[in-house]
Amino acid sequence: MSDAHTPEGMELTLRTLAMPADTNASGDIFGGWVMSQMDLAAAIRANERCNGRTVTIAANEIVFKKPVKVGDTLCVYTAVDQVGRSSMVIRIEVWARRAFSAQREHVTEARFTMVAVDEAGKPRPVDEASETGAAE
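So, how was this worked out
- Residues numbered from 1 in each chain as written.
- Predicted model: local features only at pLDDT ≥ 70, side-chain atom pairs only at ≥ 80, totals over all residues.
- Heavy atoms only, no water.
- Helix = DSSP H or I, 4+ residues; strand = E, 2+ residues; numbered from the N terminus.
- Rg over C-alpha atoms; globule rule 2.2 N^0.38 Å.
- Buried < 20%, exposed > 50% of the residue type's maximum accessible area, 1.4 Å probe, protein only.
- Contact = heavy atoms within 4.5 Å.
- Areas by Shrake-Rupley, 256 points an atom, 1.4 Å probe, with all protein chains shown as cover.
- Lys, Arg positive; Asp, Glu negative; His and termini not counted.
- Charge placed at Lys NZ, Arg CZ, Asp CG, Glu CD.
- Pairing = 2+ DSSP bridges.
- Axes fitted to C-alpha atoms, helices over the stretch in contact; angles between N-to-C directions.
- Salt bridge = Lys/Arg side-chain N within 4 Å of Asp/Glu carboxyl O.
- Expected span 1.5 Å × (residues − 1).

With that settled, consider the overall build of the chain. A count of helical and extended segments in the chain gives one helix and five strands. Ordered by position in the sequence, the α and β elements of the chain form the string β-α-β-β-β-β. Relative to a compact globule of 136 residues, whose C-alpha radius of gyration would be 14 Å, the chain shows 15 Å and is just as compact. Viewed in the frame of its principal axes, the chain has a C-alpha envelope of about 45 × 35 × 20 Å. Counting only residues that meet the buried cut, the chain has 40% of its 136 residues in that class. When contacts within the chain are restricted to residue pairs at least 6 apart in sequence, those whose partners lie at least 24 apart make up 70%. Surface exposure of the chain reaches about 7,000 Å², of which carbon and sulfur atoms provide 52%. Taken as two groups, the 15 positive and 19 negative side-chain charges of the chain have centres that lie 3 Å from each other.

This is the structure:
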């Protein structure tokens with residue numbers, strides 16, 4: 001990691017608090033909720049990269065390493081790994097800052113494929129001028 005908080009080559013894209021309503025029957029945070037936070041972060045990063053709307057076409061290689069608990073702060077980091085004509089692969093790492101402590105654990109990771117779309121929802125080229133500020 002490049003510093004105490006950010007995985008190397010990535011940026012913090014989304015932070016949120018895990019709440020009781022997000023739990024499964026075992027009392028852990030539901031994996032689907034974690035995936036939805038990852039999808040939101042992928043969309044934020046992809047939308048910024050292409051200066052427009054994107055849609056998720058694939059969520060690949062999702063690995064749940066450790067459970068997320070109620071009260072944990074979920075920190076979702078992203079990096080643009082690949083850019084094609086209209087698509088991007090966003091690498092995602094999810095870290096949990098454990099409730100009421102400074103302990104941080106890598107809990108989930110994945111690669112999401114996003115496609116830039118126009119107003120009609122049809123694929124469009126990724127805007128090359130938007131590379132400024134993107135960590136690739």
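Alright, that's what it looks like, and here's the rest.
In spatial order, the strands read 1-3-4-5-2; together these five strands make up an open sheet with antiparallel pairing. Every interior strand has two partners, whereas the edge strands, strand 1 (11–17) and strand 2 (54–64), have only one. For this sheet the average axis-to-axis angle between neighbouring strands, irrespective of direction, equals 25°.

This part is about the pattern of salt bridges. In total, this model carries nine salt bridges according to the counting rule given. A salt bridge links Arg 111 to Glu 61; the shortest N-O distance between them is 3.8 Å. Taken together, the residues Arg 111 in strand 5 (residues 104–116) and Glu 61 in strand 2 connect sequence positions 50 residues apart. We classify Glu 61 as exposed; its relative accessible area is 55%. For Glu 109, the salt bridge goes to Lys 65, with nearest N and O atoms at 3.7 Å. Taken together, the positions of Glu 109 in strand 5 and Lys 65 in the loop between strand 2 and strand 3 (73–83) put the pair 44 residues apart, joining distant regions of the chain. On the basis of relative accessible area, Lys 65 is assigned to the partly exposed category, the value being 43%. Here the salt bridges do not stand alone but share partners, grouping Glu 61, Asp 81, Arg 91 and Arg 111 into one network.

Turning to the pairing of strand 4 (residues 87–97), a few remarks are in order. A large share of strand 4 lies buried, amounting to eight of its 11 residues. Pairing geometry for strand 3 and strand 4, over 10 bridges, is antiparallel. In the sheet register, Leu 74 faces strand 4, and the bridge partner there is Ala 96. Two successive antiparallel strands, strand 3 and strand 4, enclose a turn made up of three residues. Two strands pair when backbone bridges link them, and strand 4 and strand 5 are joined in this way by 11 bridges, in the antiparallel orientation. By the bridge assignment, Trp 95 is partnered in strand 5 with His 106. Joining the antiparallel neighbours strand 4 and strand 5 is a turn of six residues, in which Phe 100 adopts a positive phi near 60°.

Take helix 1 (residues 31–50) next. The end-to-end C-alpha distance of helix 1, which contains 20 residues, comes to 28 Å, matching closely the 28 Å that a straight helix rising 1.5 Å per residue would cover. Along helix 1, the residues that are buried comprise Trp 33, Val 34, Gln 37, Met 38, Ala 41, Ala 42, Arg 45, Ala 46, Arg 49 and Cys 50. As for helix 1, its buried residues are in contact with strand 1, strand 2, strand 3, strand 4 and strand 5.

Note on placement: Ala 42 falls in helix 1. Owing to a relative accessible area of 0%, Ala 42 belongs among the buried residues under this scheme. For the pair Ala 42 and Gly 52, spaced 10 residues apart in sequence, the C-alpha separation works out to 13 Å. In contact with Ala 42, other than residues within four places in its own chain, are Ile 90, Ile 92, Phe 112 and Met 114.

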